[in-house]
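Analysis of the macromolecular model
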Amino acid sequence: MRWLLIGTASLFLVLFLFLPLAVVFGTAFSQGIGMFFGTFADAGTQSAIWLTLVAAAVAVPLNTVFGLAAAWCIGKFEFVGKSTLITLIDLPFSVSPVVAGLAYVLLFGAQGYFGPWLQAHNIHIVFAVPGIVLATVFVTFPFVARELLPMMQAQGNDEEEAALTLGANGWQTFLKVTLPNVKWALVYGIILCNARAMGEFGAVQVVSGRIEGLTNTMPLQIEMLYSDYRFVAAYTVATLLAMLALVTLVVKSIVEWRSGETA
Amino acid sequence: MSITASGITKSFGGFTALDNVDLDVQAGQLVALLGPSGSGKTTLLRIIAGLEFADSGSIHFDGRDISRQTAGERRVGFVFQHYALFRHMTVFENIAFGLRVRPRKTRLPDAQIRKRVGDLLDLIQLSTQAGRYPSQLSGGQRQRVALARALAVEPSVLLLDEPFGALDAKVRQELRRWLRQLHDEVHITSLFVTHDQEEALEVSDRVAVMNAGKIVQIGTPDEVYNHPATSFVYNFLGNVNLFNGRVDGGTTYIHHAKTDHVVFVRPHLLDIAREPAGENSFGATIKHINAAGPLVKVDAVTEWGDPVNVETTQERFRELALIKGDRIHIVPRDVAVFQEGRSS
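Here we summarise the structure given alongside this text. Source: prediction; values computed, not measured.

Rules and cut-offs
- Residues numbered from 1 in each chain as written.
- Chains lettered and ligands numbered in written order.
- Predicted model: local features only at pLDDT ≥ 70, side-chain atom pairs only at ≥ 80, totals over all residues.
- Heavy atoms only, no water.
- Salt bridge = Lys/Arg side-chain N within 4 Å of Asp/Glu carboxyl O.
- Helix = DSSP H or I, 4+ residues; strand = E, 2+ residues; numbered from the N terminus.
- Buried < 20%, exposed > 50% of the residue type's maximum accessible area, 1.4 Å probe, protein only.
- Phe/Tyr/Trp six-rings, centres within 6.5 Å; stacked < 30°, edge-to-face > 60°.
- Lys NZ or Arg CZ within 6 Å of the ring centre and 35° of its normal.
- Pairing = 2+ DSSP bridges.
- Axes fitted to C-alpha atoms, helices over the stretch in contact; angles between N-to-C directions.
- Core = buried A, V, L, I, M, F, W, Y, C linked by side-chain atoms within 4.5 Å.
- Contact = heavy atoms within 4.5 Å.
- Buried area = accessible area lost by both parts, 1.4 Å probe.
- Polar contact = N/O pair within 3.5 Å; in protein donor to acceptor, adjacent residues only side chain to side chain.

Observations regarding the pattern of salt bridges
Counting across every chain of the model gives 24 salt bridges over all chains. Ionic pairing is found between A:D228 and A:R230, a salt bridge with its closest N-O pair at 4.0 Å. Measuring nitrogen to oxygen at the nearest pair gives 3.2 Å for the salt bridge that ties B:R100 to B:D110. Residue B:R100 is found in helix α3 (residues 91-100), and its partner B:D110 is found in helix α4 (residues 110-123); the two are separated by 10 residues along the sequence. Judged by relative accessible area, B:R100 falls into the partly exposed class, the value being 22%. Residue classification places B:D110 among the partly exposed residues on the basis of a relative accessible area of 41%. Among the ionic contacts, a cluster of salt bridges with common partners joins B:R176, B:R177, B:E198, B:E199 and B:E202.

This is the structure we're talking about:
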């Protein structure tokens with residue numbers, strides 16, 4: 001019975017996870033290593049990679065700060081509207097990314113509520129980089145907060161109160177007591193947030209307008225290359241995202257191992 | 001440093017945790033706040049510490065009003081029930097924390113911090129464990145580290161919230177003797193919260209008994225135990241039998257019918273006899289005998305059907321050769337009657 005279950009699980013993993021991954025790498029290298037690196041010489045691909053990095057570079061730090069602040073006040077304090085705040089944090093999980101993207105178009109697009117005003121002031125959000133960054137921030141909003149919250153709630157306030165009675169100020173208490181106690185959860189939250197920020201497709205696709213070389217992110221570029229029957233190029237860019245996934249898994253294992261060690 | 005709390009009132013939502021409480025702790029004393037859970041004792045302690053703020057009333061340390069000061073400014077040493085040690089720091093770093101977070105101009109040089117922590121580790125007899133993490137220590141060791149951490153900053157008063165509540169019975173007893181000893185050496189004004197009457201009576205100079213957000217009696221352990229002010233105090237400070245009774249010319253009689261008075265008798269103040277002895281004795285049947293311990297505990301049922309607990313000496317027990325099912329007579333030696341009647 002035990003072997004049957006393990007066998008089923010392994011077969012499932014091979015079929016649905018390892019096989020596709022192998023296909024991605026196999027196809028990318030199918031025309032030789034020269035073709036693989038040649039893809040990265042393409043200006044459109046370079047721009048897509050760059051834009052993805054920019055979006056992640058804005059979204060991840062922003063959501064890290066927000067996630068820490070939100071988890072801290074929800075985990076350590078009692079206030080009116082707490083459960084509403086928790087629901088709001090979960091909103092991006094429950095809303096389809098496409099809907100989120102459409103909402104931005106509705107707000108900031110040419111026909112949207114703020115459209116005329118934005119046009120009058122020559123500010124471009126939708127079909128431009130700011131829109132992509134906004135959509136990425138929205139979609140990756142819950143990751144850090146969601147990782148930290150259960151931990152902060154479980155740890156309670158005792159250690160912080162002890163620090164206060166020992167004469168530490170609020171900032172010292174946060175840096176020396178609260179933060180070290182959640183550091184591995186924080187690292188993991190950031191990793192997840194980053195992975196999603198770089199891999200996001202739906203919301204970004206709606207607000208991007210898909211102008212190659214300007215508003216294409218990596219996932220959008222991959223999809224475009226694929227639609228153009230440039231399979232090798234598409235799979236080559238896809239290897240980058242696949243590598244990101246593997247790095248995430250490795251970091252996750254390290255984090256779990258380290259936090260298990262100190263707990 | 002003396003502690004004076006005056007007119008402290010605190011409510012959470014609709015629940016009044018403290019109702020106009022006054023408390024005086026003289027400098028150098030060790031005082032217990034004793035009461036059942038929900039009586040407001042921990043809330044009072046936290047308000048004195050500055051971890052909670054009263055709705056009204058004031059706190060004075062040595063006559064100085066510190067009601068508006070934060071916990072850090074009050075310089076209190078606080079020991080938590082569940083230790084609240086910093087889990088990512090070693091024992092050494094835990095104890096040094098209060099010294100290390102001081103502003104640069106008042107902070108001791110590192111060598112002096114090390115010396116002071118070393119002395120405290122000696123005091124709590126954990127010098128060999130300095131490099132360990134809290135999770136590697138036993139409960140008793142953790143609580144000693146928590147105490148050393150609180151003492152490191154040379155607090156003006158020491159406040160302990162159920163300090164031994166999470167420990168097993170044997171360690172609890174060791175630690176409370178040790179706390180008493182430590183207090184006799186250091187002489188720091190200390191206030192500790194407990195729901196264990198034995199602990200309060202054994203360790204403290206004075207006991208403040210709390211119930212439903214009020215202090216019902218404060219006095220030496222001898223005073224509160226032998227001269228309880230109310231039926232609640234009598235009831236809370238030890239095992240007790242309740243009887244209906246009748247007071248007649250200064251003498252109290254136990255009565256099997258319903259009366260206006262409730263008579264309280266501690267189990268060790270009841271004697272067992274084979275024959276009726278005097279007007280107040282009554283018949284009973286033994287249901288259970290527990291002879292393990294310094295006193296023999298006898299559970300019996302009175303002739304009118306109420307349970308009654310009696311404690312007698314091992315000698316008397318052997319002399320009477322009591323066995324389960326025996327018909328006996330119970331003779332009260334001393335009883336207590338309170339005007340307000342049954343307390344709970």
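Quick notes on the packing of aromatic side chains
A complete count under the given rule lists 20 aromatic pairs over all chains for this structure. Arranged with centres 5.9 Å apart and planes meeting at 75°, the rings of A:W72 and A:F174 form a pair that is edge-to-face. Taken together, the residues span a long stretch of sequence, with A:W72 in helix α3 (residues 43-76) and A:F174 in helix α10 (residues 170-181) at a distance of 102 residues. By the ring-pair criterion, three or more aromatic residues cluster together here, those being A:F29, A:F36, A:F37 and A:F40. The ring of A:W3 carries the charged tip of A:R2 above its face, separated from the ring centre by 5.6 Å. It is B:R266 that lies over the ring of B:Y225; its NZ or CZ is 4.7 Å from the centre.

Observations concerning the sheet that holds strand β17 (residues 307-313) of chain B
Residue and element names in this part refer to chain B. Pairing within the open sheet is antiparallel, and its five strands lie in the order β14-β18-β15-β16-β17. Each end of this open sheet is capped by a strand with a single partner; those strands are β14 (270-273) and β17. Taking each pair of neighbouring strands and ignoring which way they run, the sheet shows an average axis angle of 45°. The pairing of strand β15 (residues 282-290) with strand β18 (residues 327-332) spans four bridges and is antiparallel. Across the sheet, residue A284 finds its bridge partner in β18, namely I328.

Digging into the sheet that holds strand β13 (residues 261-265) of chain B
Residue and element names in this part refer to chain B. As summarised here, the arrangement of the four strands in space is β12-β11-β13-β19, forming an open sheet in which the pairing is antiparallel. Because the sheet does not close on itself, it has two edges, and the strands there are β12 (251-255) and β19 (336-338). In this sheet, adjacent strand axes meet at a mean angle of 50° when their direction is disregarded.

Let's talk about the nonpolar core
The biggest cluster of nonpolar side chains holds 45 residues, and the ones touching the most others in it are B:I95, B:V117, B:L121, B:I124, B:V145, B:L147 and B:L158. Here the element with the most residues in this core is helix α5 (residues 139-152) of chain B; it accounts for seven residues. Once residues within four sequence positions are removed from consideration, B:L147 is found in contact with B:V79, B:L158, B:L160, B:W178, B:L179 and B:L182. Core analysis: the second largest hydrophobic core is formed by 40 residues, A:A162, B:L33, B:V157 and B:L159 among them.

What about the interface of chain B and chain A?
Counting residues at the interface gives 21 residues for chain B, matched by 17 residues for chain A. Regarding the contact of chain B and chain A, the summed buried area is about 1,700 Å², with carbon and sulfur atoms giving 60% of it. Taken as a group, B:R87, B:H88 and B:V101 account for 32% of the area that chain B buries against chain A, more than any other trio of residues on that side. In this structure, the connection of chain B to chain A is made through two salt bridges. When the shortest N-O distance is used, the salt bridge between A:E159 and B:R87 registers 2.8 Å. At the boundary of chain B and chain A, one finds five residue pairs in polar contact (both at pLDDT 80 or more).

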